[in-house]
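Fold and contact review
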Amino acid sequence: MVNSISDLEFSHEKDTEEISQVALLELSEQAAYSEKTSSSAPEKTGYPDSVYVTAANVFQGLRIEKSPEKVIIKYGSQPLRSLSQYEDEALRRLSYELAFSALKYQDILETILIDSYIFPSTTIPDHLSSLIIVMLYDFQDRKFQTRILPDNEESISEVQEVENLLYSFKTKLAAALARCRIKHDALSIYHILPETVRKQELRASTLPLYAWINTCKISPEEVCRNLSKKGYNKVKSVLHIDDKVFAVDQHCYDVLIFPSHLKNDLTDLDLFKDYKLIFQDKSRSLAVHSVKALLNMDDDILVVNTGSWYTVAHMSVLTSNNTSKIFVCGVHSQAKDPDLKNLFTKMGCKNIEILREAFVKIEPKDHRLQKVKVILLLPRCSGLGVSNPVEFILNEHEDTDLLKDLSQGGTSEDKLQFLAQQQYEQLTHSMKFTKAQAVIYCTCSVYPEENEAVVKKALESQDHGVKVQPYRLSPPVLPLCSLKEIHLSTDKFFRMEPSEITNGCFLSILTRERDPSEAVSVRDVLARAAAKGLLEGIELGKPSKREKKKKKSKASSPKAPANDNSIQAKIAEFLHREAAATAAGPEAPAAQAPLARAGGGAAAARRPAPSAARPAAPPPPLLRGPRPRERQASCVRARRAGRVMTLKPVEIVLPPTMLPCPGAPALRARLPAPPLCCRWGAPRAGGRPRGSPPACPPASPGGPLPRQRASSRRDRGRAALGGGAASPARRPSAPPGAGSQRAAPALPVVTSARLWSVTAARTRPPPSRPSPLPADAEHVRKATESRFPRTCP
């Protein structure tokens, strides 16, 4: 067995020369290919030493362990010593990306190390094996070029030692890589990866960036204006666009989409530095908007297993106008309190409360959670729907185990069963909160064992013996924007498959069945809609008196039934009273007749007797038929109680009214007769003749002249029958019985037309009268007009 590098090189001198020639040929071909295709791409110069150490520690904890009989490269159990804990997100991103690449190509890199005789010939400590794997990937990715270090970079001894070793085996490593490509008939080691891993890596290269707007600090309109000032144009889609553009998401109105190559430019904007725009995966925004659609004004929320605090902050921003409170459970470390409070203060979040207990240990009857109506459950899942695991881990603070599963293109059966059982326990525990009305279950997995199977199993295991209503599966509340989404949501589950524009997502909504005894009326629904401002000024009808009486009767306690004997006694008393009133009715007019005769005289004698003129007394009220008004009301259909129809105002435009010409005969007949203009003639020298009417007094400025008291209808008729020339002296005296009646004044006597003249400007015939008057009555009318002339208005 060869125990040193010199013996290895001496024994295989010829083979080494051939390998070197092949390696040089391969290197020349790769250099020519890189000059043609990557002339515009920046050259890779390597990473800082701290990035190699952090990536090696991540790889050490996530590497795939092989069976003992196949183990050639041994890895240590202790991590490498780091100079400091780097909190810079950019350095952590580089470390995760390097570790993730080393995990994907672990088998290929180990084969190259063994084929190049670095293992097991060299005496390298086991704890440096992870560092060798990580640095070898970067070395071949740089086409075996020398790493350029900045001047102020602090070096690490372990990194320098491994780098010198790889440089000494540069030719052998290149030859081993060439043989591996020839063996798999691949243009590069990328084509050696499994198809699932290659598809995932292709999606990650084109996946856009999602950022939600913090409406507590800025409005969406202001964000669009600020981006436009910075040179960003608003488009409908950002897929495969290299310009500075952005778009608004179709599912969430407050989420913007940017191309992935703009990440460095966007992080330098003040919108992101001031927490007005926050990068986050779209799956979390979908879950938050689903919760918002199920909330009322004062409902509390419980968030379980939140990975990123940005999810809680997004929920707080959406409920800032409500009185809702957000409870977050599962935060064990109190050291994060100052950082979290500082973060929430910068983002403007005020309604967040952190619970220290684990979710499964919180009692459903906890007094703090009695107003919780919606529970958002974000359980730990395999995350196989994520395309870019590095960004997801950094933004959602997920575990780095996701890198191991995605590097292999799947999850082991044991881990999948463990995750499914944990998800089932959390979902069933959330369904035990009796005050809660809805549970939102959201994962980023593509396995049915973690999605549909868990939800259906939890629904089947409900205890139907309790008093609360059971849960049922409800359709998604998010808008479905494509036929594919509609097809995937036919079974009431919201799914989004991994694609070039979004990560995979599964969303399920469980709501309690409504209690039939607590059915909400239409009026209550309209009242809630009016409270939320959805009716836009439409007034609701007031409750009718019947509804008020019904509510009062339902609210009041039922009275004990009255005694049947007392009811029958009251009925008999009522009938007796009505019969007595009916019998005494005809006698009352007869008793009043002598009083009328005693005070009457001749006028009273001419009045007919009341008993002979009046008909018989009406029947008792109980025997009488319905009155005309009652009969008409009985025919009208009774209005259904509890039904109120809201009438909308309608504008009716009528055609213009055309009045006839003033000279038309029909209009002249309708107009009233013109007033009479009277003028008195010149009197004689000796004075006013006997019987001539007096001079007409002038019209008062406040209105017409006061008219004299007219005679009664009976006196005027008598004057018409006896002649119009009767004077008051010749009038017959009144009968002796009518002592208190006044005598009617004498009618005027027309003596001559010379004494006075009447000039009437009649342009139209007088209006038609209901019936013609007799000749004598016409004479009386003319005499009355001469005595009381009309005046012009």
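Bear in mind the structure is a predicted one, so any value in this text is a computation, not a measurement. (Residues numbered from 1 in each chain as written. Predicted model: local features only at pLDDT ≥ 70, side-chain atom pairs only at ≥ 80, totals over all residues. Heavy atoms only, no water.)

**Brief notes about the overall build of the protein**
Put simply, the test is: Strands here are runs of E lasting at least two residues and helices are runs of H or I lasting at least four, both read from the DSSP assignment and numbered beginning at the N terminus. A 1.4 Å probe rolled over the protein chains alone gives each residue an accessible area, and that area as a share of the maximum for its type sets the label: buried under 20%, exposed over 50%, partly exposed in between. When checking whether two residues touch, look at their non-hydrogen atoms; a contact exists if any pair is within 4.5 Å. Using a 1.4 Å probe, the Shrake-Rupley method yields the accessible areas, and only the shown protein chains count as cover for residues.
On a plain count of helices and strands, the protein comes out with 30 helices and 15 strands. Per-residue burial over the protein gives 34% buried out of 793 residues. For the protein, restricting intrachain contacts to residue pairs at least 6 apart in sequence, the fraction spanning at least 24 positions comes to 76%. Carbon and sulfur atoms provide 54% of the accessible area of the protein, an area that totals close to 50100 Å².

**What to know about the confidence of the model for the protein**
Rules: The predictor attaches a confidence to each residue, called pLDDT, with possible values from 0 through 100.
Mean pLDDT over the protein stands at 74; residues scoring 70 or higher make up 60%. Note that residues 21-25 has pLDDT below 50 and, in this model, three contacts with residues that lie over four places away or in other chains. In the predicted structure, residues 27-41 sits below a pLDDT of 50 and forms six contacts with residues beyond four places in sequence or in another chain.

**Topic: the sheet that holds strand S5 (residues 277-279)**
Rules: Strand pairing is assigned whenever DSSP identifies at least 2 bridges connecting the two strands. Only the stretch in contact is used when a helix axis is fitted, and all axes are lines through C-alpha atoms; the angle between N-to-C directions ranges over 0 to 180 degrees.
Pairing is mixed across the open sheet formed by five strands, whose spatial order is S2-S3-S4-S1-S5. Since the sheet does not close on itself, it has two edges, and those belong to strand S2 (233-234) and S5, each with one partner. Examined bridge by bridge, S2 and strand S3 (residues 245-248) share two bridges and lie parallel to one another. Following the sheet pairing, lysine 234 is matched in S3 by phenylalanine 246. Sheet strands touched by helix H14 (residues 309-318): strand S1 (209-213) and S5. Its angle to S1, the strand with the most contacts, is close to 40°.

**Some thoughts on the nonpolar core**
Keep this limit in mind: Take the buried Ala, Val, Leu, Ile, Met, Phe, Trp, Tyr and Cys residues and link them wherever side-chain atoms come within 4.5 Å; each set so joined is a nonpolar core.
Core analysis: the largest hydrophobic core is formed by 63 residues, its most contacted members being Leu113, Leu131, Leu166 and Leu173. Mapped by element, the contributors of at least two residues to this core are helix H3 (49-62), helix H4 (89-104), helix H5 (106-115), helix H6 (129-141), helix H7 (157-168), helix H8 (170-184), helix H16 (389-396) and helix H17 (401-408). Broken down by element, this core gets its largest block of residues, eight residues, from H6. With residues up to four places along the chain from it excluded, the contact list for leucine 173 reads Ile112, Leu113, Ser116, Ile118, Leu136, Phe139, Phe144 and Leu166. Judged by nonpolar contacts, the second largest core, of 42 residues, contains Tyr210, Cys252, Cys349 and Ile509.

**Re the packing of aromatic side chains**
Filter applied, for reference: Only rings of Phe, Tyr and Trp enter the pairing, Trp through its six-membered ring, and a pair is recorded when the two centres are within 6.5 Å. The plane angle decides the type: under 30 degrees is stacked, over 60 is edge-to-face, the rest tilted. Criterion for a charge above a ring: Lys NZ or Arg CZ within 6 Å of the ring centre, and within 35 degrees of the ring normal.
Enumeration over the complete set of coordinates arrives at 13 aromatic pairs. Plain terms: the ring middles of phenylalanine 139 and phenylalanine 144 are 5.0 Å apart, the flat faces sit at 80° to each other, and that makes the pair edge-to-face. Exposure class is identical for phenylalanine 139 and phenylalanine 144. Each is buried. One aromatic cluster in this structure is built from Tyr232, Phe246, Phe258, Phe272 and Phe279. The ring centre of phenylalanine 279 lies 5.2 Å from the NZ or CZ of lysine 263, which sits over that ring. Over the face of the ring belonging to tyrosine 424 we find lysine 457, whose NZ or CZ atom lies 4.5 Å from the ring centre.

**Focus on the pairing of strand S6 (residues 300-304)**
Note the cut-off: We call a crossover right-handed when, viewed with the strands running away from us, the connection from the first strand over the helix to the second turns clockwise.
Among the five residues that make up S6, five are buried, leaving the element largely enclosed by the rest of the structure. Along S6, one buried face is formed by Asp300, Leu302 and Val304 and the opposite face, lined by Ile301 and Val303, is buried too. With five bridges connecting them, S6 and strand S9 (residues 372-377) associate as parallel partners. Paired with leucine 302 across the bridge in S9 is isoleucine 375. Read as a crossover between parallel neighbours, the route from S6 over H14 to strand S7 (residues 326-329) is right-handed.

**Quick look at the pattern of salt bridges**
Threshold: In the sections that follow, a salt bridge refers to a side-chain nitrogen of Lys or Arg positioned within 4 Å of a carboxyl oxygen of Asp or Glu.
Taken as a whole and judged by the stated rule, the model has 20 salt bridges. A salt bridge links aspartate 115 to arginine 179; the nearest nitrogen and oxygen atoms lie 2.9 Å apart. Here aspartate 115, found in helix H5, pairs with arginine 179, found in helix H8; they are 64 residues apart in sequence, far enough to count as distant. Judged by its relative accessible area of 29%, arginine 179 falls in the partly exposed class.

**Observations regarding the packing of helix H13 (residues 282-293) against H14**
Two numbers describe a pair of packed helices, the interaxial angle and the distance between the axes. Stated formally: Take the far helix as the reference: if the near one is turned anticlockwise from it by less than a right angle, the crossing is left-handed, and if turned clockwise, right-handed. Note on residue classes: Ala, Val, Leu, Ile, Met, Phe, Trp, Tyr, Cys and Pro are nonpolar, Asp, Glu, Lys and Arg are charged, and everything else, Gly too, is polar.
Viewed as axis vectors pointing N to C, H13 and H14 meet at an angle of 35°, and their least axial separation amounts to 10 Å. Read as a crossing pair, H13 and H14 show a hand that is right-handed. For the pair H13 and H14, contact is made by Arg284, Ser285, Val288, His289, Val291 and Lys292 and by Thr311, His314, Met315 and Leu318, respectively. For the contact of H13 with H14, the per-class residue count stands at four nonpolar, four polar and two charged.

**Some points on a positive patch on the surface**
Where we set the bar: Patch criteria: residues need more than 30% relative accessible area and no salt bridge. Like-charged residues are merged within 9 Å; nonpolar side chains of Val, Leu, Ile, Met, Phe, Trp and Tyr are merged within 5 Å. Counting rule for charge: Lys and Arg are taken as positive, Asp and Glu as negative, and neither His nor the chain ends is counted. By convention, the point assigned to a charge is CZ for Arg, NZ for Lys, CD for Glu and CG for Asp.
A grouping of Arg472, Lys492, Arg514 and Arg528 is seen on the molecular surface, where their side chains present a positively charged patch. With respect to the element layout, arginine 514 can be found in the loop between strand S13 (505-512) and helix H21 (522-531).

**Some words on the packing of H3 against H6**
Rules: For classification, angles of less than 35 degrees are called roughly parallel, those exceeding 145 degrees roughly antiparallel, those between 65 and 115 degrees roughly perpendicular, and all remaining angles oblique.
For the pair H3 and H6, the least separation of the axes is 8 Å and the interaxial angle reads 120°. It follows that H3 is oblique to H6 by the angle criterion. Both H3 and H6 take part in a crossing whose hand is right-handed. Residues Tyr52, Val53, Ala55, Ala56, Phe59 and Gln60 of H3 form the contact with H6, whose participating residues are Ser130, Leu131, Ile133, Val134, Met135 and Asp138. Its residues assigned to classes, the contact of H3 with H6 shows nine nonpolar, two polar and one charged.

**Notes on helix H10 (residues 220-229)**
Under the convention used in this document: Directions pointing from the helix axis toward each C-beta atom define the arc.
Considered for burial, the residues of H10 that qualify are Val223, Cys224 and Leu227. Projected down its long axis, H10 carries its buried residues within an arc of 100°, all on one side. Where H10 is buried, its residues meet S1, S3, strand S4 (255-258), helix H12 (270-273) and S5. The positive-phi residue at the C-terminal boundary of H10 is glycine 231, with phi of around 100°.

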